[in-house]
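As a plain string of letters, each chain reads:
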Amino acid sequence: MGLTGLLGAVFNLDHVGKYIHWGFIQLSVSNAIVIGLMIVTFISALFLPFPGRRNRKEGK
Amino acid sequence: MSTEIDRQWTTRLRKTVVEKLPPDKLLPDTQPAYVASWIYVFGVTTLAALAIVILTGCVLAMKGPLWWHLSGTGHFVNSLHLWSVEIFFFAMVIHLWGKYFMAAWRGGRQLTWVTGVVLFLTSVGAGFTGYVSQTNYDSQWISTQAKDGINATGGGAIFNVLNLGQMLMWHIVLLPLAAVALTAVHVIYVRIKGVVPPFEEVK
Ligand code: HEM
């Protein structure tokens, strides 16, 4: 089984896409997951310490 | 007193360029302390993803559709192209959010923001024309759905999504040229103006 086969065993994609309906908003679960990941990445980028920051001279 | 040499367009252009963007501003040695944050990484991430998209796109263009549909290597390069696009949009939108919340258009940086907005629209167009240029059932489905939307606006007369030749040309010539040129202008504006200071630093 190749890599695609392995991934296919984990994620069964052989069905009609799942959708979220919320009023006039309609989006696929896959897109909702990506948007969620983007929000998580955005917030992490604001709060995670940036490597090497301490070594830098203040105001430089 | 201006000599004849001073009036030459080459001399004038060089003077303007060097004055607006001296080499140490174009490629600086240091950055202000506030730039040491992950939120500033997403512009370069977008840039790197764009480079891979263009590079893999060139390989796909050299080999053609039969190769990317039928061979293993072709599938692989096709996937690199697609997934770099995914990273490109992912990073670009986080970049956009960051710049929006820090109001990075402050201090005469409005053209950086505006070129960004046009880049976003150009990229959506490039993504769309890419999807309809795949030459598979997916692209047939997408283009037959999209034609109704575009025809409803009247735009179908000049932009026919069922015309594969036209869509492919937009995807591999016009929109990449526009995206690369705009990106260059965008990044050069950032270098001319320097990175925008956070609100606290301005007060
Ligand atoms: C092809 C897509 C894009 C690329 C390659 C790109 C690249 C970059 C890079 C490398 C920087 C400097 C580093 C940084 O601050 O992250 C930057 C800054 C900036 N970008 Fe983008 N960008 C893109 C799209 C956008 C979009 C969609 C917007 C907003 C609509 C935007 C708004 C800005 C602004 C306002 C700055 C200036 C920040 C400052 O002066 O401090 N960019 N961009």
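Refer to the preceding data block for the structure.
Rules used in this analysis
- Residues numbered from 1 in each chain as written.
- Chains lettered and ligands numbered in written order.
- Predicted model: local features only at pLDDT ≥ 70, side-chain atom pairs only at ≥ 80, totals over all residues.
- Heavy atoms only, no water.
- Donors = N, O, S within 2.8 Å, 3.2 Å for Na, K, Ca; no water.
- Tetrahedral: all angles 85-135°; square planar, octahedral: opposite > 155°, others 65-115°.
- Helix = DSSP H or I, 4+ residues; strand = E, 2+ residues; numbered from the N terminus.
- Buried < 20%, exposed > 50% of the residue type's maximum accessible area, 1.4 Å probe, protein only.
- Contact = heavy atoms within 4.5 Å.
- Buried area = accessible area lost by both parts, 1.4 Å probe.
- Salt bridge = Lys/Arg side-chain N within 4 Å of Asp/Glu carboxyl O.
- Polar contact = N/O pair within 3.5 Å; in protein donor to acceptor, adjacent residues only side chain to side chain.
- Nonpolar A, V, L, I, M, F, W, Y, C, P; charged D, E, K, R; others polar.
- Near = heavy atom within 4 Å.
- Domains from an automatic or database assignment.

J.: How would you sum up the coordination of the iron atom of the ligand? Please name residues and give values.
T.: Residues and elements named next belong to chain B. With distances of 2.0 Å, the protein atoms coordinating the iron atom of the ligand are His95 (NE2) and His186 (NE2). Metal-centred angles of 83 to 179° between the six donor atoms at the iron atom of the ligand mark the site as octahedral. Here the residue His95 occupies a position in helix α6 (residues 72-101), and His186 occupies one in helix α9 (residues 164-193), the gap between them amounting to 91 residues. In this structure His95 comes out as buried when scored by relative accessible area, which is 18%. Residue His186 is classed as buried on the basis of its relative accessible area of 13%.

J.: Provide a residue-level description of the interface of chain B and chain A, including the pertinent values.
T.: The interface of chain B with chain A comprises 17 residues on the first partner and 16 residues on the second. Contact between chain B and chain A buries roughly 1400 Å² in total, counting both sides, with carbon and sulfur atoms accounting for 76%. When the buried surface of chain B facing chain A is broken down by residue, Ala36(B), Trp38(B) and Phe90(B) rank first, second and third, together holding 41% of it. Applying the counting rule to chain B against chain A returns zero salt bridges. In this assembly, chain B and chain A are joined by one residue pair in polar contact (both at pLDDT 80 or more). Across the side of chain B that touches chain A, the residue classes tally to 13 nonpolar, four polar and no charged.

J.: Account for the site of the ligand, with residues named and values stated.
T.: Residues and elements named next belong to chain B. Lining the immediate environment of the ligand, one finds 24 residues, of which His95, Lys99, Gly116, His186 and Val196 sit closest. Mapped by element, the contributors of at least two residues to the shell around the ligand are α4 (42-63), α6, α7 (110-132) and α9. Per element, the largest residue contribution to the shell around the ligand is six residues, and it comes from α7. Of the residues assigned to the shell around the ligand, the class counts are 14 nonpolar, eight polar and two charged. Mapped onto the domain boundaries, the shell around the ligand takes at least three residues apiece from domain 1 (37-102) and domain 2 (111-198).

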